[in-house]
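Geometric and topological summary
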Amino acid sequence: MNRIKVWLFNVILVLGLTGLAACSVEDAYETPPTEQQQQEQQQQDQQTQKTANLTIRIVDSVNNPIANATVDVSGNKATTNDNGQAFFPELKLGNYTVVVEGIGYTSSIEITRIIESTQEHTVALTRQSSQQATLMFGGDTMFGRRFMDPNLTTMTNNVPNVSDALINEASAASSSTAIAQYIKPLFRIADFSSVNLESPVLSNPTSVHPTKEFSFFSLPATLESLKDIGIDYVALGNNHVYDYLAPGLTDTLKYVNEAGFLHSGAGNNAIQAYQPLSTQVNGVSVGLVSATSITGNANPINYIAEVDKGGAADLTNDEQLNDALTEAAANHDFSIVQMHGGDEYSFSPTRYITNRFEFASRRAADLAIAHHPHVAQGFGVYGSTPAILGLGNLIFDQNRLETLLGVAVSVNIDGNAADKIQYAKAYPIYIEDYQPRLVSGFLSHYLSRRLAEFSDDNVTVIPKSGYAHVTFQGAQVAPVALTKSVTIQAGTQVVDLRNYAPSDAFLAQVTSSTTTTAQFTLGRDIMVFGDFEDWDNDDEFGETLRWNHDDDDAMPCITGAYRHQQGMCLTRTQFDNTPLKLPFRQTIRTMPVTPAESVTDAYHELTLFGYAKGDNAGTVNAEIAITTAEDGFEFSSSRIPLFDAASFDWTPFAHHFELPDDSQVLGPENLPARGVNLTFTHAPPNEGEATLNLDELALISWQKPLTLTQLQWSSSKMHGLDFLRINTDEPITLTLSFRRF
């Protein structure tokens, strides 16, 4: 076995690389497929032909079977028998949306992956009385800008007309409806559904805000998409509703009303903007307030409604907010406030948004919800008010890696119960090329555990099949413990915790067999998509769109999987002229220190980690460019040798590096180092054919030092930290204990 470890501390090798190309130079003649490529094609063909027999079993809360329930598996429908079973024969392999409805029960939706020839999946339903209702909340939503022109950063007084854009004027209704198709079952099963409509709605833009950096609008026909998926209410209290000033607001209110949506949070004056929306859901009266803390007061024309000016309701105006919240609570069985504010790209609420949560709690709000950071956050309880701390994006056009995972949350309420919120379900939303999807497996568990980590201690978040079960009254289920023993050699070692526990589990305890001076640090993968797996519920299975593998010699492969279903195979022959390059499509931005007062401070210590396997492989390198978070200013670029040319079995690699100190800045705005651009390269062999397999790649951000007290560290708090770095002068044996629900 050939293995080369690279340990570099606080060193950046500046080599002045030429750019991160997506593919290699073509040879003058075309070579036939390699032996590995032929084997892979056979595997792919066989997988395409495979089918599976799926049994869905429906039970109640005490595991009794439920007969006559309707089960829909991605459009295939069946009814359960007396044993609670529904059968779905000859399904293609892939990820499926399972929707279950039963009379007297709350409807359920889960995502399941089918890869075995015979599989059984159990869904437990919860009784629903006539006084209960399910409310669904989605995050930031719009259909403008890059949906209409991929090259736009802001919109103007023109309607884009790009023939190959996702949305154009001629087909706006049908194309926007297609964009939301994979989340439609989620919103359709709720009794009441809501999104934050973060865009004016107009057909003739003439009045774009003169000084605002980013302005949006969506065409009126795109509201058909929201109608199609079952949206009832749109929150308008945000910093974009006034992007086209009074004419744009007038159009927005007109088109939203004509589409039949309930709304609050914006109006032609402050009285209208603060007016709570009142509605009935399953006999429960619900009042909704919507407001933003982003006032735009630094501009000549702000974004908020005033006595004789239109705009959004102002979350910072205590007097008017108090009146709105008090009215909503006094006149309704269940009152909700949606708050738009906080720092963008943060993973926990700012102090000010926390203040607003507390303000709402003192006015007896039954539920408080925040959005604007474009990143999914956790859950909290303020006084007696449960809170959804941040929904992230639902339908949005951002390219930033950290914005691709949002969350939609269903809340089961009972207007007559002491605890009006019985439970919630958090559904991870993955936005792939601007189109939202539901997800299963690791990707669902990854976000669910992070949400749990940044939730209050009295909130329990339990990862499930495509969602997380959330309770606001503390733990109600005892966790299951898993224990593994590992021996760590002297030096700096990275323990991949993913090898020892399923993805819904978390490290809860580290015990050393002897007294040790070793240093321990937990780390989080911020690349997220290094497993080359396809976890989403769209119609294609096997996509890896976060990697640029346009070259036919770089492809997702079943034969190259270290774990799960597939890895990435890079093939070269002696006749190729250049190394094959595999770039990660997006800048990986280091995570801000969380929780913290702002997003200014960030974690600097990083490790590139993964597994490789070579069959007559050429030299393997990683190209790392360190950049600013915005504008792409480059501090350094380096080529890191990972493996010499050889054949070797699956072997881990690790390269440690740090971002430059924040005193080093670039660009007119003096930006510090916050981003990493990454490319793997595989050189041609000296002779014959070469195959390199890569899998389970990660860019680890080291975030949480651990201290062993009396040989042990422990925590009952779920988290999303999947790696453990150990610096030790001598070999040690550790017992790792994991918990799962």
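Cut-offs applied
Residues numbered from 1 in each chain as written. Predicted model: local features only at pLDDT ≥ 70, side-chain atom pairs only at ≥ 80, totals over all residues. Heavy atoms only, no water. Phe/Tyr/Trp six-rings, centres within 6.5 Å; stacked < 30°, edge-to-face > 60°. Buried < 20%, exposed > 50% of the residue type's maximum accessible area, 1.4 Å probe, protein only. Lys NZ or Arg CZ within 6 Å of the ring centre and 35° of its normal. Core = buried A, V, L, I, M, F, W, Y, C linked by side-chain atoms within 4.5 Å. Helix = DSSP H or I, 4+ residues; strand = E, 2+ residues; numbered from the N terminus. Pairing = 2+ DSSP bridges. Axes fitted to C-alpha atoms, helices over the stretch in contact; angles between N-to-C directions. pLDDT = per-residue confidence, 0-100. Contact = heavy atoms within 4.5 Å.

Attention shifts here to the packing of aromatic side chains. Inspection of every chain in the model, using the stated rule, returns 20 aromatic pairs. Between Phe143 and Phe147, the ring centres sit 6.1 Å apart and the planes meet at 45°, which makes this aromatic pair tilted. The class for Phe147 is buried, based on a relative accessible area of 0%. On the basis of an interplanar angle of 90° and a centroid distance of 5.4 Å, the ring pair of Phe609 and Tyr611 is categorised as edge-to-face. Feature note: the residues Phe532, Trp547, Phe584, Phe643, Phe648, Phe653 and Phe680 constitute an aromatic cluster, connected by ring pairs. The ring of Phe359 is capped by Arg356, whose NZ or CZ atom sits 4.5 Å from the centre of that ring.

This next bit is on the nonpolar core. One finds Phe379, Phe680 and Leu694 to be the most contacted residues of the largest nonpolar core, which totals 91 residues. Broken down by element, the residue count for this core peaks at 6 residues, all from helix α9 (residues 441–453).

This part covers the sheet that holds strand β2 (residues 70–73). Spatially, 4 strands are ordered β3-β2-β5-β6 in an open sheet, and the strand pairing comes out antiparallel. Each of the sheet's edge strands pairs with one partner strand only, and the pair in question is β3 (76–79) and β6 (108–114). Direction aside, neighbouring strands of the sheet carry axes that sit 25° apart on average. In the sheet, strand β5 (residues 94–101) pairs with β6 via 7 bridges, with the strands oriented antiparallel. Each bridged residue has a counterpart across the sheet, and for Thr97 the counterpart in β6 is Ile111.

Our focus in this paragraph is the confidence of the model for the protein chain. Looking at the protein chain as a whole, the pLDDT averages 93, with 96% of positions reaching at least 70. Overall, residues 1–29 carries pLDDT values under 50, and its contacts beyond four positions in sequence, including any with other chains, amount to 68 contacts.

So, on to the sheet that holds strand β4 (residues 85–92). One open sheet accounts for 3 strands, arranged β4-β1-β7; its pairing is mixed. The two strands at the open ends of the sheet, each matched to only one other strand, are β4 and β7 (118–124). Each strand of the sheet is rotated relative to its neighbour by a mean of 25°, with strand direction disregarded. Summarising the sheet, strand β1 (residues 51–59) and β7 pair through 7 bridges and their orientation is parallel. By the bridge assignment, Leu54 is partnered in β7 with Gln119.

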